[in-house]
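Tertiary structure, described
This is what each chain is made of:
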Amino acid sequence: MSDTHSASTTRTHHRICPLCEACCGLEIKVQSGRVISIRGHEADVLSRGYICPKGVALKDLHEDPDRLRQPLIKRHGVFEPASWEEAYAEIERRLPAVQAAHGAHSVAVVAGNPTSHKLGLMLYYPRLLKALGTRHIYSAATLDQMPRHVVSGLLYGHWMSVPVPDIAHSDWLLVLGANPVASNGSMWTVPDFRGQAKAMQGRGGKLVVIDPRQTETAQLADEHHFIRPGGDVFLLLGLLNSLFDQGLVQLGAAAPWLDGLEAVREAVRPFTPQRMSERCAIPAATIERLARELAQTPRAAVYGRIGTCTQAYGTLNTWLIDLLNLLSGHMDQVGGTMFPRAAAFAANTQGPPGQGRGIVMGRHHSRVSGAPEVMGELPLTCLAEEMETPGEGQVRAVITLATNPVLSAPNGARLAQGFEGLDFMLSLDIYLNETSRHADVILPGPSPLEDLHYDVPYPQMSWRNHARYSDPVLPRPEGQPEEWETLLRLAAIVQGARGPQDPRALDERLFQTDLARLPPEQAQAVSEATAGLHGPQRLLAQALDQGPYRLRFADVQATPAGLDLGPLQPRLPELLRTTTGRIDLAPPALLKDLERVPLNAPAAPAALLLIGRRDSRSNNSWMHNLPTLAKGPHRCTLLVHPEDAQTLLLQDGAMAWLTADDPSADDAADRPGLSVQVEFSDRMMRGVVSLPHGWGHDLAGARLGLAAQRPGVNLNALLSDRARDPLSGNAVLSGVPVQLRPAPAMAPQAAPATQDS
Ligand SMILES: Nc1nc2c(c(=O)[nH]1)N[C@H]1C(S)=C(S)[C@@H](COP(=O)(O)OP(=O)(O)OC[C@H]3O[C@@H](n4cnc5c(=O)[nH]c(N)nc54)[C@H](O)[C@@H]3O)O[C@H]1N2
Ligand SMILES: Nc1nc2c(c(=O)[nH]1)N[C@H]1C(S)=C(S)[C@@H](COP(=O)(O)OP(=O)(O)OC[C@H]3O[C@@H](n4cnc5c(=O)[nH]c(N)nc54)[C@H](O)[C@@H]3O)O[C@H]1N2
Ligand code: SF4
Ligand SMILES: [Mo]
């Protein structure tokens, strides 16, 4: 260490970054209670020293003067700082009354992306849901990856059985609709994707990227093909058809457990590469060649992500991607696509191996649109209408949990209006932002550096098996509860408790109740494994003890660089939790959904199509207030191909007026348009423009001083909340038809007020 003379005051901590799915191990140096440096932890078994600029910005986040450190209560329209007990008293006064008057289903809960990165939120959020007993459960999953969960459920029997490329051993990787160089991977925990891809190329492997933009990942690739946004279903059907047509189908080691091959063959028969080519804008010969390369490379994998999920055919795309892996003999094979074996919390390591209860969808439906429940949730794009539409089950109160849907969900203005009309709104959030400004009470969590950490979902999708835990780096300020404590207090309030409660006692009661349900021998084992612990640590110790490696929490805690549990290993059939113990390649629901795909090619769309984009210095809607990330060129620009720009009479750097091209939609008036800054980019596909989401920090009432200086515009102010993938309920966020014209000297009448309600 370089700081020998100050070693007495400099402490080095190892901490998992809680900001994105790469889950990098960080090395954080602290001197006299202040962070003095953050860098990648070289010895970390998962990330091996990798870090991105956001990890470094944890210091800024910790020190951000706008980050809330105290509850806020809105009185007469103005937020006032309050003590925790005052905040709970206000919630006691207002939240139970809503359920008493209008029933359990009158309260909605919306959970956001950071929930999945926080052990306390992840493990205790279900306690709040149980106490509430509401069907109005929403999350960012239906803006993101619900198709992935549905397909995992239907094929392998559990929502979280997600196959990931075994990149450490692959020689050929096809990536569709993902940009892991910027996003650092999703539904696939793969810190330093660039390094892994380069290593693959170094051993003669090949990376192929399919994306309407020549992204940072595409620039790294050996081959990149533009695809017409929304065209993946045609490409994937063409690839599958070609596998059959060229006699390339091989089932590999998964063969003994596969059903439905003939049904798939029949279903994809009409979708020849020749027919599909025009609709995805990829030549038939290329489709046929890619099918051959996939089938003929012994170690090959296909990976698709948000670009393939946030489409009207999101679930079909995800199914077809899995079929490509399965029918080219690469599923569950070293160097192919494999199922991680997580040390804790993975349902596919629990219970009898090889068979299970499968999944059920549609146990109830949303009141207004009739959208089916999936994984216990309703589509987030249904929330606005559920707040607006009177009747039994109308949403009258909302609890948001680490989410900012006014910016992150389609038609944010409609949501904002809905929030304003509620009887009560509570936000658990660390900022007063575009969404929490509508709340009556805001309860802040601690800074990430004051929080312990263990990733619940991500080891279930990691490139290598491992177990890592981090203790808090800094002490919590006096009075600041952990978020699991807050959730237990809220659950108790909903269940009728009044006045101060001890969260530890509440936790103890719940834990003992759960323990009593276990067989005596197991209960005894759990008691021993968790002795002396409480809260999330205790649940983690239990899960590690009951997990496939039977790990002791103390051992994991004592190894901040992580326990390396080895490379991915084949897991069929042990992994399966389907009722049959087999994989149905052609589940009826998916065959039925395939009927939506028109066989005859429509003419290429006349309209311009809008897609999103991610930048390594941004994270969805909420890190634009941090100085190290905010500096540099403005990132909220509309990328336009120079030739399209010429046709449209647009200048580089000038402002343009962007509108949705769905004039017949009855909600079009809600989404008048955006004044965007044009940036020329010859990396765009012709006819496609790109705008990032998560911007638009100029809404009145938010407290994000730095972000407001360069607010950008809210892409989701333009998108309709009517467009969904019917099976999964996932929102359509990509490939949306738009119109673009030079901004008039005077902005149109509606222009300045586009985003607010
Ligand atoms: N058009 C378009 N829209 C998109 C996407 C897209 O690609 N295009 N992507 C979608 C995707 S993939 C996702 S996941 C969603 C994300 O959308 P959301 O789930 O709404 O998540 P964020 O925008 O990241 O907002 C996170 C919120 O959590 C708060 N927060 C941060 N840390 C903590 C914490 O420790 N505790 C608490 N209580 N609060 C915290 C932040 O202040 C912020 O308000 O956006 C979606 N929206
Ligand atoms: N820096 C940063 N990292 C992040 C986030 C962030 O906001 N910033 N968000 C995090 C979250 S919540 C998530 S879910 C992940 C997402 O991680 P990724 O899935 O890698 O997300 P994107 O970078 O948006 O990549 C999606 C790609 O799909 C392309 N695309 C758009 N439409 C289509 C289409 O119709 N077909 C095809 N084939 N491609 C299309 C886009 O051009 C884009 O390159 O990133 C996470 N990591
Ligand atoms: S890639 Fe960046 S934001 Fe994501 S976990 Fe690693 S350091 Fe954190
Ligand atoms: Mo996401």
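Keep in mind that this is a model prediction, so the values were computed, not measured.

If you look at the biggest cluster of nonpolar residues, it comprises 58 residues, and the most contacted ones within it are Ile91, Leu426, Leu443, Tyr454 and Leu544. If you tally residues by element for this core, the top one is helix H4 (residues 119-132), at nine residues. Not counting the four nearest positions on each side in its chain, leucine 544 is found in contact with Ala343, Ala344, Tyr454, Arg550, Leu551, Phe553 and Val556. If you look at the next biggest cluster of nonpolar residues, it comprises 57 residues, including Ala267, Phe271, Met276 and Ile282.

Moving on: the domain arrangement of the protein. The domain architecture assigned to the protein consists of domain 1 (146-339 + 582-594) and domain 2 (608-742). Across the contact, 26 residues belong to domain 1 and 20 residues belong to domain 2. When residues of domain 1 are sorted by the area they lose upon contact with domain 2, Arg213, Pro229 and Thr310 head the list and together hold 30% of the total. Here domain 1 is connected to domain 2 by zero salt bridges. Along the contact surface separating domain 1 from domain 2 lie seven residue pairs in polar contact (both at pLDDT 80 or more).

Cis geometry is found at the peptide bond from leucine 572 to proline 573, where omega equals 0 degrees. Tracing the sequence through the fold places proline 573 in the loop between strand E19 (563-567) and strand E20 (583-584). With a phi close to 50 degrees, methionine 187 is a non-glycine residue in the positive phi region. Inspection of the secondary structure assignment puts methionine 187 in the loop between helix H6 (180-183) and helix H7 (193-202). The class of methionine 187 is buried, set by a relative accessible area of 6%. Located in the positive-phi region is leucine 649, a residue other than glycine, with phi close to 60 degrees. Note on placement: leucine 649 falls in the loop between helix H25 (642-647) and strand E23 (655-660). Residue leucine 649 is classed as exposed on the basis of its relative accessible area, which comes to 64%.

Next up on the list: the sheet that holds strand E2 (residues 25-31). Pairing within the open sheet is antiparallel, and its three strands lie in the order E1-E2-E3. On the outer flanks of this sheet lie strand E1 (10-16) and strand E3 (34-40), each paired with one strand and no other. Averaged over neighbouring strand pairs, the angle between their axes works out to 25 degrees when direction is ignored.

All chains considered together, the criterion is met by eight aromatic pairs. Aromatic pair tyrosine 124 and tryptophan 484: ring centres 5.3 Å apart, planes at 40 degrees, arrangement tilted. Of this pair, tyrosine 124 sits in helix H4 while tryptophan 484 is found in helix H18 (residues 483-494), placing the two residues 360 residues apart along the sequence. We note that tyrosine 124, like tryptophan 484, is buried. Taken together, a centroid distance of 5.0 Å and an interplanar angle of 80 degrees make the contact between tyrosine 469 and phenylalanine 553 edge-to-face. Of this pair, tyrosine 469 sits in the loop between strand E18 (464-467) and H18 while phenylalanine 553 is found in helix H22 (residues 553-557), placing the two residues 84 residues apart along the sequence. Phenylalanine 553 shares its class with tyrosine 469; the two are buried. By way of ring pairs, the aromatic residues Trp188, Phe193 and Tyr303 are connected into one cluster. Just above the ring of tyrosine 549 sits the side chain of arginine 341; from NZ or CZ to the centre is 5.2 Å. The ring of tyrosine 88 has arginine 489 sitting right over it, with the charged end atom 4.1 Å from the ring centre.

Taken residue by residue, a regular strand's side chains alternate between the two faces of the sheet. The buried count for strand E13 (residues 300-304) comes to five of five residues, which makes it a mostly enclosed element. Here E13 shows two buried faces, one formed by Ala300, Val302 and Gly304 and the other by Ala301 and Tyr303.

Reading the values: rules and limits
Residues numbered from 1 in each chain as written. Chains lettered and ligands numbered in written order. Predicted model: local features only at pLDDT ≥ 70, side-chain atom pairs only at ≥ 80, totals over all residues. Heavy atoms only, no water. Core = buried A, V, L, I, M, F, W, Y, C linked by side-chain atoms within 4.5 Å. Buried < 20%, exposed > 50% of the residue type's maximum accessible area, 1.4 Å probe, protein only. Helix = DSSP H or I, 4+ residues; strand = E, 2+ residues; numbered from the N terminus. Contact = heavy atoms within 4.5 Å. Domains from an automatic or database assignment. Buried area = accessible area lost by both parts, 1.4 Å probe. Salt bridge = Lys/Arg side-chain N within 4 Å of Asp/Glu carboxyl O. Polar contact = N/O pair within 3.5 Å; in protein donor to acceptor, adjacent residues only side chain to side chain. Pairing = 2+ DSSP bridges. Axes fitted to C-alpha atoms, helices over the stretch in contact; angles between N-to-C directions. Phe/Tyr/Trp six-rings, centres within 6.5 Å; stacked < 30°, edge-to-face > 60°. Lys NZ or Arg CZ within 6 Å of the ring centre and 35° of its normal.

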